[in-house]
Amino acid sequence: MEFTGTGIGRGVAVGQTVRMPDPLPEPADTPSKRGADDELSRATASMGAVARDLEKRAEIAGGTAADVLEAQAMMAEDPSLVDLISQATAAGKTAERAVFESFASFRDQLTAMGGYLGERAADLDDVSQRVIADLSGVPAPGVPQPEEPFVLVARDLAPADTALLDLDKVLALVTSDGGPTSHTAILAREKAIVAIVGTADALTIENGTSVIVDAAAGTVMTEPSAAAVADAEARIAERREAASAPLTPGALADGTAVPLLANLGSGDAAASAVELGAEGVGLFRTEFLFLDAGQTAPSVDEQTAHYVRVLEAFPGKKVTVRVLDAGADKPLPFLNDADEENPALGLRGLRALRANEQILRDQLTALAAADAQTDADLWVMAPMVSTVEETEYFVGLAHEFGLRTAGIMVEVPSIALLADRALAHADFASIGTNDLTQYTLAADRLLGTVAGFQDPWHPAVLRLISEIGQAGADTGTPVGICGEAAADPLLAVVLVGLGATTLSMSPAALADVRLSLVRFDRDAAQRLARIALDAHDAASARSAVTDAAASLQKE
Amino acid sequence: MVERNIRIGSSHGLHARPAKLFTQAAASSGATVNIRKGDKTVNAASILGVISLGVDHGDEVTLTVEGDDAERIMGELEELLVTDQDEA
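These numbers were taken from a predicted model, which means no experiment stands behind them. (Residues numbered from 1 in each chain as written. Chains lettered and ligands numbered in written order. Predicted model: local features only at pLDDT ≥ 70, side-chain atom pairs only at ≥ 80, totals over all residues. Heavy atoms only, no water.)

Colleague: Would you take a moment to explain the interface of chain B and chain A for this structure?
Modeller: How big an interface is tends to be stated in terms of the accessible area lost upon association of its parts. Counting residues at the interface gives 23 residues for chain B and 22 residues for chain A. Here chain B packs against chain A, burying approximately 1,800 Å² in sum over the two surfaces, 66% of which is carbon and sulfur. Linking chain B to chain A there are 1 salt bridge. Across the pair Lys20(B) and Glu70(A) runs a salt bridge, and its minimum N-O distance is 2.7 Å. Linking chain B with chain A are 5 residue pairs in polar contact (both at pLDDT 80 or more), by the criterion used here. At the level of secondary structure, the elements contributing two or more residues to the side of chain B that touches chain A comprise helix H1 (16–28), strand E3 (40–43) and helix H2 (47–52) of chain B. Of the residues assigned to the side of chain B that touches chain A, the class counts are 6 nonpolar, 12 polar and 5 charged. (Contact = heavy atoms within 4.5 Å. Buried area = accessible area lost by both parts, 1.4 Å probe. Salt bridge = Lys/Arg side-chain N within 4 Å of Asp/Glu carboxyl O. Polar contact = N/O pair within 3.5 Å; in protein donor to acceptor, adjacent residues only side chain to side chain. Helix = DSSP H or I, 4+ residues; strand = E, 2+ residues; numbered from the N terminus. Nonpolar A, V, L, I, M, F, W, Y, C, P; charged D, E, K, R; others polar.)

Spelled out as structure tokens, the structure:
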């Protein structure tokens, strides 16, 4: 049988399925036979046991996962919760039922608050399940940990599930729910795990079933024939070989060069990006330097030293540095401390720098100094440019500081629509697809309730990108992509078809994108781009292009 | 008892990590700490209570500390609340 969903990446996996356990049944509301005191002490004992277990997991997990798990450990023993539970047991309920009802009442409060808090409801549900499991003496639902590598089949995965997932054991992830922006999909992309999300009827696949998971085709095939397994294994070997093959520069099948660049957030990651074949840096974020600095901006000397370190890793290669992008989701006290109703539409990016021009001037001074000390080809760009006038301002100022190549990020629809005029003044453009999607669809990218809109396959977003691609071709200006979209191997081909001349992504995605580009020539990329532009929505654009790409490959 | 009005510095308000850090500090202080936003008061040692206040960046909350060394504990908790804990 074959099940269809949305594939993440291009990988293939062959293995046996392991089902994520179903949630526990709701505890029956039958009166306690043990008495109130006994029930309450059972409840608190189990809450303590779960809290200790979560704390232990937090220690093993480390990083941001540890924060989630520690918060969950605190929820497990929360004093407000204990109050509710003791009221319920005093009223004659069993410990199981009291725990269930008390957690549910907090869960409902959080869900009612919506957005970010609503998403925490899943964390709370997970804790509730663990406590009830402990009380009932059954294993806690959670990620299974078999000895052999396996294909994990689940409804959807919560951060608490994936934090402890032994990635070496997971051959692939298959979920029945969740879309391309779900937690599962993000994790799969980040860790380069084969995954299919939103797979209808995936939960009917029984434990221990042999499957082929094909992310490129978006399919899960159960009980495959020996020939199909052999074919899949050949593809796995081919991908492994491609990953370890000498790193060739990014190019289409006809030899058209499409340099593949890395998105970096600090100088430390530069070496590993080079190892993975990054031909330069398409987006170097400078925020962390400022975020770490605290209440004041870092000095010119401090900045210079850091920029030198990054530039030194890429002698003779392009390094695109984005000047400070603060505001909205990453406010800095010395730049903008106003309380804004709509920070994504507020004083952020270049707007904030212009309001504090000395900070921008210091940064450009430091960049020019670092440029003079190194051999990299330094490009600088400004975030959140929305007018032609801002383009002229930034490019002019950067040139004044001796920075030869200055460009703009295209994240706001207004500048995409006037790309022909903006690019007449800029040395290059780089499209930030995450923000461009947020602004085009008017959907806050940080808000879980509207996450479904955050899909760069949307034809409205692609049409804006094609405007910029066209303007780039007309004016001979390079147009790069530096958003999440470039890391999607098939969308990467579409973006090149729309006129992108370079693609920049997290280094983990480079190998798959490189492999995908060489499968298509320029004509094919343009045909796929046309198909995507003609679609009605993101999902149909993705599926139409997937089908067309498969038939192009068969020709 | 010490009481103080405090404006929240964390960019995502008193939610995930900042709420955890604050509640941990309140719970381990040994004092009775309450936090109020508007007309709702909760035990500051309760992460669910604190999260359910829905405190956002820039909101003003009222903190009360009862117990030994209340002044010092208030100072430490205030420091946590006014600092942006979201960026690490």
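Colleague: What exactly am I supposed to notice about the sheet that holds strand E1 (residues 2–4) of chain A here?
Modeller: Strand pairing in a sheet relies on backbone hydrogen bonds. The paired strands run either parallel or antiparallel. Residues and elements named next belong to chain A. Judged by pairing direction, the sheet is mixed, and its 8 strands sit side by side in the order E1-E8-E7-E3-E4-E5-E6-E2 without closing on themselves. This sheet does not close on itself; its edge strands, each paired only once, are E1 and strand E2 (6–8). Each neighbouring strand pair of the sheet contributes to a mean axis angle of 30 degrees, computed without reference to strand direction. Bridging between E2 and strand E6 (residues 194–197) involves 3 bridges; their strand directions are antiparallel. Note that in E6 the partner of Ile-8 across the bridge is Ala-195. Strands strand E3 (12–19), strand E7 (210–214) and strand E8 (219–222) of the sheet are contacted by helix H8 (residues 226–244), whose axis makes an angle of about 115 degrees with E3. (Pairing = 2+ DSSP bridges. Axes fitted to C-alpha atoms, helices over the stretch in contact; angles between N-to-C directions.)

Colleague: Can you walk me through the pattern of salt bridges in this structure?
Modeller: When the charged atoms of two side chains lie near each other, side chains of opposite charge can form a pair. All names here are of chain A. This structure, assessed with the given rule, holds 32 salt bridges over all chains. Measuring nitrogen to oxygen at the nearest pair gives 2.8 Å for the salt bridge that ties Arg-97 to Glu-101. Highlighted residues: Arg-97 and Glu-101, both in helix H4 (residues 95–113), separated by 4 residues, approximately one helical turn. Since its relative accessible area comes to 11%, Arg-97 is described here as buried. Judged by relative accessible area, Glu-101 falls into the partly exposed class, the value being 25%. The network of salt bridges with common partners includes Glu-26, Asp-29, Lys-93, Arg-97 and Glu-101. (Buried < 20%, exposed > 50% of the residue type's maximum accessible area, 1.4 Å probe, protein only.)

Colleague: Is there a simple way to think about helix H1 (residues 36–61) of chain A in this case?
Modeller: The α-helix advances 3.6 residues per turn, and as a result positions three or four apart in sequence lie on the same side. Taking 1.5 Å per residue as the helical rise, H1(A) with its 26 residues ought to reach 38 Å, and the 37 Å between its terminal C-alpha atoms agrees with that figure. Just beyond H1(A), the residue with positive phi is Gly62(A), at close to 70 degrees. (Expected span 1.5 Å × (residues − 1).)

Colleague: Whenever I open this one, unusual backbone geometry confuses me. Can you help?
Modeller: Even without glycine at this site, Glu223(A) takes up a positive phi of about 40 degrees. Note on placement: Glu223(A) falls in the loop between E8 and H8. With a phi close to 65 degrees, Asp69(B) is a non-glycine residue in the positive phi region. With respect to the secondary-structure elements, Asp69(B) resides in the loop between strand E4 (60–66) and helix H3 (70–82).

Colleague: Would you explain the sheet that holds strand E10 (residues 280–285) of chain A in this entry?
Modeller: All names here are of chain A. Spatially, E9-E10-E11-E12-E13-E14-E15-E16 is the arrangement adopted by the 8 strands of the closed barrel, whose pairing is parallel. Strand-to-strand twist across the sheet, computed as the mean angle between neighbouring axes with direction ignored, equals 25 degrees. The pairing of E10 with strand E11 (residues 318–322) spans 4 bridges and is classified as parallel. The residue of E11 that forms the bridge with Val-281 is Val-319.

Colleague: Even after reading the chapter, I still don't get the layout of surface pockets, so can you show me in this structure?
Modeller: Picture a little ball the size of a water molecule; that probe, rolled over the atoms, points out where space is still empty. Residues and elements named next belong to chain A. In this structure, the second largest pocket occupies an estimated 410 Å³ of space. Arg-10, Ala-216, Arg-235, Ala-550 and Gln-553 are, among the 17 residues lining the second largest pocket, the residues nearest its centre. For the lining of the second largest pocket, the secondary-structure elements that each account for two or more residues are H8 and helix H22 (538–554). Looking at the lining of the second largest pocket, the element that brings in the most residues is H22, giving 6 residues. Tallied by class, the residues present in the lining of the second largest pocket amount to 7 nonpolar, 2 polar and 8 charged. Each of domain 1 (2–21 + 143–231) and domain 3 (255–554) contributes no fewer than three residues to the lining of the second largest pocket. (1 Å grid on protein atoms, 1.4 Å probe; cavity = no way out; pocket = protein on both sides within 12 Å on 5 of 7 lines; lining within 4 Å. Points joined across faces, edges and corners; volume = space filled by probe spheres on them. Domains from an automatic or database assignment.)

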